[in-house]
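The chain contents come next:
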Amino acid sequence: MTARLATACSLVRLLALCVALVLAGCGEPIRPPLSVGMNAWVGYDPLVLARDRQQIDQAQIKVVELATASETQRHLRNGLLDAAALTLDEVLRLRAGGLDLRIVAVLDASHGADVVMAMPNIHQVENLRGRAVAVEDTSVGALMLDRMLQSAGMSRSDVVVVHEEASLHQQLLRSGRVSAVVSYAPLSGILAKAGYRPLFSSDAMPGEILDVLAVRTDVLRQRPEAVQALLQAWQNGLALMELDPVGAAASLAPGTDLTSDDYLRVIAGLKFYSPAQSLAAMEGSPPELLESARRLADLIAKIGLVDEAPPLVDLFDVAPARAALGRGGP
């Protein structure tokens with residue numbers, strides 16, 4: 001009797017398992033988390049902080065940290081990322097290349113956090129005449145280089161431009177192959193510790209270098225709830241950073257090779273946008289951010305980074321930001 005009962009129970013469990021498998025097969029396929037990429041830049045660290053403090057929905061969002069901005073853009077072009085934290089000009093350049101992206105948030109503006117670092121014997125921009133300067137093959141690097149040279153009445157023809165990724169810049173300086181590099185925090189802080197000096201910074205070009213959050217248009221259409229979760233993760237991380245900047249610096253600085261004090265100084269060179277400020281910059285008739293985008297689009301075409309100015313139609317999608325703020329509606 002006991003054996004028959006045990007056999008019956010086993011059959012019931014087996015039947016229940018089969019039914020569960022059938023039902024699972026009939027349901028929606030499980031989607032992987034939305035992948036958002038970013039390079040090693042302190043302006044993107046609120047997302048890292050949100051992940052590390054478990055203030056992110058990991059079932060919906062996966063933060064992918066990459067070495068450089070160039071690598072982030074490659075991953076995005078190759079379909080390895082759904083979204084990315086980028087500079088505004090990088091988004092425009094990707095759109096000019098045919099990648100359908102929409103900006104869903106303005107993250108921060110650089111006010112000194114992007115910097116040109118030079119050999120100790122280079123005291124002014126004019127000293128770079130005839131010398132080599134390393135810069136990543138990115139729009140923001142080209143923009144920084146051009147603005148620096150313009151400040152001294154110089155042009156690209158006055159220097160030798162070496163295109164190399166930022167992770168190789170210290171090696172180039174150490175070997176003497178270049179006299180200066182276009183860098184950004186935290187890499188610029190590492191260079192400063194090694195004895196190289198700041199020559200020019202984004203403090204001289206306020207409002208021109210903006211970080212934004214961009215998402216593939218197909219992902220926006222197919223996974224709006226995941227995009228809202230991404231914006232919520234950013235808001236959570238930013239709130240943590242603003243509530244306890246010292247504690248945030250203590251958590252994040254070790255991953256940047258900066259001390260906590262150095263990290264706080266770098267953060268001081270950024271203006272973070274609140275969610276409401278970000279939405280306001282993308283709304284309006286016309287949106288405030290559209291004019292900045294138009295100037296940048298013309299500039300990157302003028303200096304030859306794109307064949308022609310990229311289209312600005314449908315550059316923004318404010319629906320996720322409005323939903324995240326609980327505003328809804330058109």
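Residues numbered from 1 in each chain as written. Predicted model: local features only at pLDDT ≥ 70, side-chain atom pairs only at ≥ 80, totals over all residues. Heavy atoms only, no water.

Peer 1: Just checking my understanding: could you explain empty space enclosed by the protein for this structure?
Peer 2: Applying the stated criterion to the full structure yields two cavities of 30 Å³ or more. Taken as a whole, the largest cavity encloses approximately 170 Å³ of empty space. Around the largest cavity, the lining is made up of 18 residues, and of these Thr 87, Glu 90, Asp 114, Val 140 and Tyr 184 lie nearest the centre. For the lining of the largest cavity, the secondary-structure elements that each account for two or more residues are α5 (139-151) and β8 (180-184). Residues of the lining of the largest cavity, tallied by class, amount to nine nonpolar, five polar and four charged. Lining the second largest cavity are 14 residues; nearest its centre among them are Ala 105, Leu 231, Gln 235, Pro 275 and Ser 278. Listing elements by their share of the lining of the second largest cavity, those giving two or more residues are β4 (101-110), α9 (224-243) and α12 (275-282). Here the lining of the second largest cavity gets four residues from one element, more than from any other, and that element is β4. Here the lining of the second largest cavity is built from residues that sort into 11 nonpolar, three polar and no charged. (1 Å grid on protein atoms, 1.4 Å probe; cavity = no way out; pocket = protein on both sides within 12 Å on 5 of 7 lines; lining within 4 Å. Points joined across faces, edges and corners; volume = space filled by probe spheres on them. Helix = DSSP H or I, 4+ residues; strand = E, 2+ residues; numbered from the N terminus. Nonpolar A, V, L, I, M, F, W, Y, C, P; charged D, E, K, R; others polar.)

Peer 1: What exactly am I supposed to notice about the sheet that holds strand β1 (residues 34-39) here?
Peer 2: Pairing between sheet strands relies on hydrogen bonds along the backbone, with the strands arranged either parallel or antiparallel. Taken in spatial order, the six strands line up as β2-β1-β3-β10-β4-β11 in an open sheet, and their pairing is mixed. Since the sheet does not close on itself, it has two edges, and those belong to β2 (61-66) and β11 (270-272), each with one partner. Neighbour-to-neighbour, the strand axes of this sheet turn through a mean angle of 30°, independent of strand direction. Of the pairings in the sheet, the one linking β4 to strand β10 (residues 210-216) comprises seven bridges and is antiparallel in character. Looking at the pairing, Leu 101 lines up with Arg 216 of β10. Packing against the sheet, helix α3 (residues 69-77) makes contact with β1, β2, β3 (83-87), β4 and β10, and its axis sits at approximately 140° to β3. (Pairing = 2+ DSSP bridges. Axes fitted to C-alpha atoms, helices over the stretch in contact; angles between N-to-C directions. Contact = heavy atoms within 4.5 Å.)

Peer 1: Any chance you could explain the packing of helix α2 (residues 45-52) against α9 here in plain terms?
Peer 2: Any two packed helices are characterised by how steeply their axes cross, that is the angle between the axes, and by the distance between the axes. Closest axis-to-axis distance for the α2/α9 pair is 7 Å, and the angle between their directions is 90°. Here α9 runs roughly perpendicular to α2, going by the angle between their axes. Of the residues in α9, those touching α2 at Asp 45, Pro 46, Leu 47, Leu 49 and Ala 50 are Leu 230, Ala 233, Trp 234, Gly 237, Leu 238, Leu 240 and Met 241. In terms of residue class, the contact of α2 with α9 is built from 10 nonpolar, one polar and one charged. (Parallel < 35°, antiparallel > 145°, perpendicular 65-115°, else oblique.)

Peer 1: Just to check I follow, could you spell out the sheet that holds strand β7 (residues 160-163) for this structure?
Peer 2: With mixed pairing, the five strands of this open sheet are ordered in space as β7-β6-β8-β5-β9. Unpaired on one side and paired on the other, β7 and β9 (197-201) mark the two borders of the sheet. Averaged over neighbouring strand pairs, the angle between their axes works out to 30° when direction is ignored. For strand β6 (residues 132-135) and β8, the ladder comprises two bridges, and the chain directions are parallel. By the bridge assignment, Ala 134 is partnered in β8 with Val 181. On top of the sheet, α5 reaches β5 (114-118), β6, β7, β8 and β9; it is set at about 90° to β9, its chief contact.

Peer 1: What exactly am I supposed to notice about unusual backbone geometry here?
Peer 2: The phi angle of most residues is negative, glycine excepted, and most peptide bonds adopt the trans form. Positive phi, close to 60°, is recorded for Gln 54, a residue that is not glycine. For Gln 54, the location among the structural elements is in the loop between α2 and β2. With a phi angle near 60°, Asp 314 is a residue other than glycine that sits in the positive phi range. In this structure, Asp 314 sits in the loop between α13 (288-302) and α14 (319-324).

Peer 1: Sorry, what's going on with the pattern of salt bridges here?
Peer 2: Side-chain pairs of opposite charge can arise whenever the charged atoms involved come near each other. As enumerated under the stated definition, the model contains 11 salt bridges in all. Across the pair Glu 208 and Arg 147 runs a salt bridge whose closest N-O atoms are separated by 3.0 Å. Taken together, the residues span a long stretch of sequence, with Glu 208 in the loop between β9 and β10 and Arg 147 in helix α5 at a distance of 61 residues. The partner of Glu 291 in a salt bridge is Arg 295, with the nearest N and O atoms 4.0 Å apart. Of this pair, Glu 291 and Arg 295 both sit in helix α13, four residues apart, roughly one helical turn. One network of salt bridges, in which partners are shared, links Arg 51, Asp 52 and Glu 65. (Salt bridge = Lys/Arg side-chain N within 4 Å of Asp/Glu carboxyl O.)

Peer 1: Hey, could you run me through the side chain of Arg 102 in this one?
Peer 2: Of note, Arg 102 is situated in strand β4. Within the buried set, Arg 102 has no salt-bridge partner at all; the shortest N-O distance to an opposite charge, 4.0 Å, is to Asp 100. Polar contacts involving the side chain of Arg 102 include one to the main-chain carbonyl oxygen of Asp 314, which spans 2.9 Å. For Arg 102, the residues in contact, after removing those within four places along its chain, are Arg 95, Leu 213, Ala 214, Val 215, Thr 217, Leu 220, Arg 221, Asp 314, Leu 315 and Asp 317. (Buried < 20%, exposed > 50% of the residue type's maximum accessible area, 1.4 Å probe, protein only. Lys, Arg positive; Asp, Glu negative; His and termini not counted. Polar contact = N/O pair within 3.5 Å; in protein donor to acceptor, adjacent residues only side chain to side chain.)

Peer 1: Quick question: what am I supposed to make of the packing of aromatic side chains here?
Peer 2: When we look at a pair of aromatic rings, we describe it by the centre distance and by the angle of the planes. Overall, the coordinates contain two aromatic pairs when judged by the stated rule. On the basis of an interplanar angle of 90° and a centroid distance of 6.1 Å, the ring pair of Trp 41 and Tyr 184 is categorised as edge-to-face. One end of the pair, Trp 41, is in the loop between β1 and α2; the other, Tyr 184, is in strand β8, and 143 residues separate them in sequence. Residue classification places Trp 41 among the buried residues on the basis of a relative accessible area of 5%. Accessibility expressed as a relative area gives 7% for Tyr 184, which makes it buried. Ring centres 6.3 Å apart and planes at 50° place the aromatic pair Trp 234 and Phe 272 in the tilted group. With Trp 234 in helix α9 and Phe 272 in strand β11, the pair connects residues that are 38 residues apart, well separated along the chain. Note on Phe 272: relative accessible area 14%, which makes it buried. Sitting over the face of the ring of Tyr 273, Lys 271 holds its NZ or CZ atom 3.9 Å from the ring centroid. (Phe/Tyr/Trp six-rings, centres within 6.5 Å; stacked < 30°, edge-to-face > 60°. Lys NZ or Arg CZ within 6 Å of the ring centre and 35° of its normal.)

Fair warning: the whole summary comes from geometry, so function is off the table for now.
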